[in-house]
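Coordinate analysis (summary)
Below are the chains, spelled out letter by letter.
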Protein chains: 2
Amino acid sequence: MIAGEYKQMLGQKSVIREIAEYGAVRAKEIGSENVFDYSLGNPSVPVPQAFTDKLVELAQSPNPAAVHGYSPSLGIDSVREKIAASLERRFGIAYRREHIFMTTGAAGAIAHALRAVTVPGDEVLTFAPYFPEYVPYVNKTGAVLRVVPADTENFQINFSEFKKMLTAKTSAVLINTPNNPSGAVYSEDTIRKLAEILQEKEREFGHEIYLISDEPYREIVFQGVNAPYVAKYHPNSITCYSFSKSLSLPGERIGYIAVNPACPDAELIVNMCGQISRGIGHNCPPSIIQLAVAEVVDMTADLSVYETNMNILYDALTDMGFSVVKPGGTFYMFPKALEKDAVAFCKKALDYDLLLVPSDTFGCPGYFRIAYCIPTEKVQRSLEAFRKLADAYK
Amino acid sequence: MIAGEYKQMLGQKSVIREIAEYGAVRAKEIGSENVFDYSLGNPSVPVPQAFTDKLVELAQSPNPAAVHGYSPSLGIDSVREKIAASLERRFGIAYRREHIFMTTGAAGAIAHALRAVTVPGDEVLTFAPYFPEYVPYVNKTGAVLRVVPADTENFQINFSEFKKMLTAKTSAVLINTPNNPSGAVYSEDTIRKLAEILQEKEREFGHEIYLISDEPYREIVFQGVNAPYVAKYHPNSITCYSFSKSLSLPGERIGYIAVNPACPDAELIVNMCGQISRGIGHNCPPSIIQLAVAEVVDMTADLSVYETNMNILYDALTDMGFSVVKPGGTFYMFPKALEKDAVAFCKKALDYDLLLVPSDTFGCPGYFRIAYCIPTEKVQRSLEAFRKLADAYK
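Residues numbered from 1 in each chain as written. Chains lettered and ligands numbered in written order. Predicted model: local features only at pLDDT ≥ 70, side-chain atom pairs only at ≥ 80, totals over all residues. Heavy atoms only, no water.

**What to know about the pairing of strand E12 (residues 368–371) of chain A**
Residue and element names in this part refer to chain A. The alternating pattern of E12 places Phe368 and Ile370 and Arg369 and Ala371 on opposite faces, both of which are buried. The pairing of strand E9 (residues 332–333) with E12 spans two bridges and is antiparallel. By the bridge assignment for E12, methionine 333 is matched with isoleucine 370. Inspection of the sheet shows strand E11 (residues 357–358) paired to E12 by two bridges, in the antiparallel sense. Opposite valine 357, over in E12, you have arginine 369 as the bridge partner. (Buried < 20%, exposed > 50% of the residue type's maximum accessible area, 1.4 Å probe, protein only. Helix = DSSP H or I, 4+ residues; strand = E, 2+ residues; numbered from the N terminus. Pairing = 2+ DSSP bridges.)

Okay, structure coming up:
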């Protein structure tokens, strides 16, 4: 039988897709350089040369079977060791190979983590605004995603709502800092308070509440901002990482799970991930990409353009009267729309060839997301369009 | 909550792992060259130079964002087109891009195909001997795998048992030809008869019965053997392919689903696969590997060593008195064990430093699998060990 649950997903109309399709048509009319496409979070900077060099060296290895051969289901041992050592060096937590599971990006990491620590019927909490793909990630495990309303003041955590929603059915809390779509970085106060509540509730309910920390933007943090390492604050933490943004290779699907060594079930969870893989046909990320990233694990692409773009946009937009919480990292910004209906606002923006994403699917109506991973000269040229858009609301 | 279903899987003792561990210990004692490891199906021949050249060229591209950027969730359009064109050229079926979904190897392909055409409670039939990973692939979708007993005469299909087990609850039949572990290639008669039964039962039950054809060994077919293209015989066919064996790069996790254009729901199934991905964190195989295989899609590694090894082993083993169905392809052979208990037989083989896999997990007790993807000189040196093992049973 054709599986109705997936067929049904196809019927859901996507505003983002509609905007992207408009952009493609418009680009043919006026040239793509004149369409200000802020809709997609696709890294725009080149990979580090060291990564390319390593990849070429591996491809030309005299022993191709070693390079292209099967990876163990938990990942290549030497790769897991290098990642553990890097995390220990950088964050002072004594990770070992046994705590690392290699994944196909953060998506694969979250999909595995959720399956390891939830059973059908469990609840997983996340905080608005949130990455919309969390809905299928969580709901397709049999658990249920519940969204805590946003703290629209600072895009930190709305703790009063959180405490109401955190019940004995909650087996995991899924966070994303630096955050897509808000660009907010959770402060040490926020993370500490979150961890305290989790630990208090673990004692009260008599079971673990796992903190699943989705961290693909960990290396994109702006000057003067402190981005604490989440796992330091809660023993039952599962860090989900992707090299997509730090090394600028989102298509290569490479990331990892790091389970806090202080988590009593850390090694069990990693080993369970190997079993989870068997049911979803994952079978480890590509061997050659694992081997190549392991050599540049402490490196990043030149990410400075994102901060440059952020500053230009933040200054200009606040000057135009937009209400914006200044991003602490990522390549996203999340200003308030100039009318209540963010979809209508983003449709009006198309009149000025601005492709923006309305915030409704992020669980926080009335805002819009700017993905400013585009060239700086284009950001500068787009300011005039933003100004016209703002003027249209005066 | 820690998910019991995956924790429990960890407790299952694996005979193959026990044998592999023994092999590793023994290799340290007497040197790995003296341990005849026939346990693992890991391709041993180098990738084609053309693949390496293309991979290097892509890695050094002046536009790295195009190479390492996100792939669409169904796969890169140009890659899907090249695969469709190759299939049409080779097998005369008018595949188009719309019928192709890129996957992380055959495992990913089967995992997606099963989710697309089954609903929880459906039954999926397969034929012994079968690849043991079919159990988690099927059962983790909510469907139930049922195994049709083997035709031990020729390792074709036991049709009388098949007809008994094929009921209105059957939504898919999963086959693997050339077959792991038997090495058998289904004849045109077998496939034609299978397809006739499926179509008769589709009419009787009033619903589709999908034929999911797992074909990672499609390019390893020996002289004089005809390996018909399965999809030609049944409209509702989903071909699951992997480049692991044909290009000798199992670690790079690259393959595809090709849905027969004659299947009324072909495009729907491909699009559903994109939705299925969202729930399991798959998100397309690595971009650079997709782009590289597309350039060598009609090529294979030099696979001739597998036939050389097969002939040496087949002649020697039959001469020693082993009962063996001559393989038509793959790099596996599946002789009858010399005692009823194949596990005991394979444990005895360890006395002669022969690492063989007992057939119990393949659903066909009393046999053992030889994975002869090892150097020919080692195959030759191993014959003495096989002879001593056979003598021990005289």
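**Structural notes on the sheet that holds strand E6 (residues 210–214) of chain A**
All names here are of chain A. Spatial strand order, E2-E8-E7-E6-E5-E3-E4: seven strands in an open sheet with mixed pairing. Of all the strands in the sheet, just strand E2 (100–103) and strand E4 (144–148) have a single pairing partner and so form its edges. Strand-to-strand, the axes of this sheet are offset by a mean angle of 20°, without reference to chain direction. Looking at chain direction, strand E3 (residues 123–127) and strand E5 (residues 170–176) are connected through four bridges and run parallel. Bridged to valine 124 within E5 is alanine 172. This element, helix H5 (residues 77–91), spans E2 and strand E8 (255–259) of the sheet and lies at about 115° to E2. (Axes fitted to C-alpha atoms, helices over the stretch in contact; angles between N-to-C directions. Contact = heavy atoms within 4.5 Å.)

**Details of empty space enclosed by the protein**
One pass over the structure, following the stated rule, counts six cavities of 30 Å³ or more. Quantified by volume, the largest cavity comes out at close to 80 Å³. Every residue lining the largest cavity is listed: Phe91, Thr177, Pro178, Val185, Tyr186, Glu215, Arg218, Ala227, Pro228, Tyr229 and Val230 of chain A. The class makeup of the residues in the lining of the largest cavity is eight nonpolar, one polar and two charged. Volume-wise, the second largest cavity comes out at about 60 Å³. Along its surface, the second largest cavity is lined by Thr104, Ile280, Gly281 and His282 of chain A together with Thr104, His112, Ile280, Gly281 and His282 of chain B. Here the residues of the lining of the second largest cavity are counted per class, giving two nonpolar, seven polar and no charged. (1 Å grid on protein atoms, 1.4 Å probe; cavity = no way out; pocket = protein on both sides within 12 Å on 5 of 7 lines; lining within 4 Å. Points joined across faces, edges and corners; volume = space filled by probe spheres on them. Nonpolar A, V, L, I, M, F, W, Y, C, P; charged D, E, K, R; others polar.)

**Some details on the interface of chain B and chain A**
Contacts between the two partners involve 68 residues from chain B, matched on the other side by 68 residues from chain A. The interface formed by chain B and chain A holds two salt bridges in total. Put simply, chain B and chain A have 23 residue pairs in polar contact (both at pLDDT 80 or more) between them. Going through the elements one at a time, helix H1 (4–11), helix H3 (49–59), helix H4 (64–68), helix H6 (105–117), helix H7 (134–139), helix H10 (266–280) and helix H11 (287–294) of chain B are the ones with two or more residues in the side of chain B that touches chain A. The element contributing the most residues to the side of chain B that touches chain A is H10 of chain B, with nine residues. Residue composition of the side of chain B that touches chain A, by class: 37 nonpolar, 21 polar and 10 charged. (Salt bridge = Lys/Arg side-chain N within 4 Å of Asp/Glu carboxyl O. Polar contact = N/O pair within 3.5 Å; in protein donor to acceptor, adjacent residues only side chain to side chain.)

**Quick look at the relation of the copies chain B and chain A**
If you rotate chain B by 180° and push it 0.0 Å along the axis, it lands on chain A with an RMSD of 0.0 Å. Put plainly, the chains are arranged around a two-fold axis. Relative to the rotation axis, the C-alpha of valine 56 of chain B is the closest in chain B, positioned 2.7 Å from it. When the interface residues of chain B are mapped onto chain A, 100% of them again fall at the interface, so both copies present the same face. (Least-squares fit on C-alpha atoms with pLDDT ≥ 70 in both.)

**Let's talk about the domain arrangement of chain A**
Residues and elements named next belong to chain A. Segmentation of chain A into domains returns domain 1 (4–47 + 302–391) and domain 2 (50–294). Relative to domain 2, the C-alpha centre of domain 1 lies at a distance of 27 Å. Facing 30 residues of domain 1, the contacting portion of domain 2 comprises 35 residues. Counting the surface lost from both domain 1 and domain 2, the interface buries some 2500 Å², and carbon and sulfur atoms represent 68% of this. The interface formed by domain 1 and domain 2 holds one salt bridge in total. The salt bridge partner of lysine 140 is glutamate 5, with a shortest N-O separation of 2.6 Å. The tally of links from domain 1 across to domain 2 stands at 10 residue pairs in polar contact (both at pLDDT 80 or more). (Domains from an automatic or database assignment. Buried area = accessible area lost by both parts, 1.4 Å probe.)

**Regarding the sheet that holds strand E2 (residues 100–103) of chain B**
Residues and elements named next belong to chain B. Strand order in the open sheet made by the seven strands is E2-E8-E7-E6-E5-E3-E4, with mixed pairing throughout. Single-partner strands in this sheet number two, and they are E2 and strand E4 (144–148). Neighbour to neighbour, the strand axes of the sheet diverge by 20° on average, direction disregarded. One ladder, built from five bridges, connects strand E7 (residues 237–242) with strand E8 (residues 255–259); its direction is antiparallel. By the bridge assignment for E8, cysteine 240 is matched with isoleucine 257. Where H10 meets the sheet, its contacts fall on E2, strand E6 (210–214), E7 and E8, and the angle it forms with E2 comes to roughly 25°.

**Side note on the state of the cysteines**
For the structure shown, the criterion picks out zero disulfides over all chains. Sulfur of cysteine 273 of chain A: no disulfide; nearest cysteine sulfur belongs to cysteine 240 of chain A and is 8.6 Å away. The structure places no disulfide on cysteine 346 of chain B, whose sulfur is separated from the nearest cysteine sulfur, that of cysteine 364 of chain B, by 13 Å. With relative accessibility at 1%, the residue cysteine 346 of chain B sits in the buried group. (Disulfide = S-S within 2.5 Å.)

**Here's the deal with the UniProt feature "domain: Aminotransferase class I/classII large" (unreviewed entry) in chain A**
With numbering aligned to this structure, UniProt lists the feature "domain: Aminotransferase class I/classII large" (unreviewed entry) at residues 64–385 of chain A. Taken end to end, residues 64–385 of chain A is 38% helix and 15% strand, and its two terminal C-alpha atoms sit 52 Å from one another. (UniProt positions renumbered as here; feature names shortened; annotations may be inferred.)

**So, the side chain of asparagine 309 of chain A**
Residue and element names in this part refer to chain A. Inspection of the secondary structure assignment puts asparagine 309 in helix H12 (residues 304–319). Given the relative accessible area of 0%, asparagine 309 is considered buried. Reaching out from asparagine 309, the side chain makes a polar contact with the backbone oxygen of isoleucine 374 at a distance of 2.8 Å.

**Overview of the pairing of strand E3 (residues 123–127) of chain B**
Residue and element names in this part refer to chain B. In terms of burial, E3 is largely enclosed, as five of its five residues are buried. The side-chain alternation of E3 yields two buried faces, one formed by Glu123, Leu125 and Phe127 and the other by Val124 and Thr126. As defined by bridge partners, E3 adjoins E4 across five bridges and the pair is classed as parallel. Bridge pairing in E4 links glutamate 123 to valine 144.

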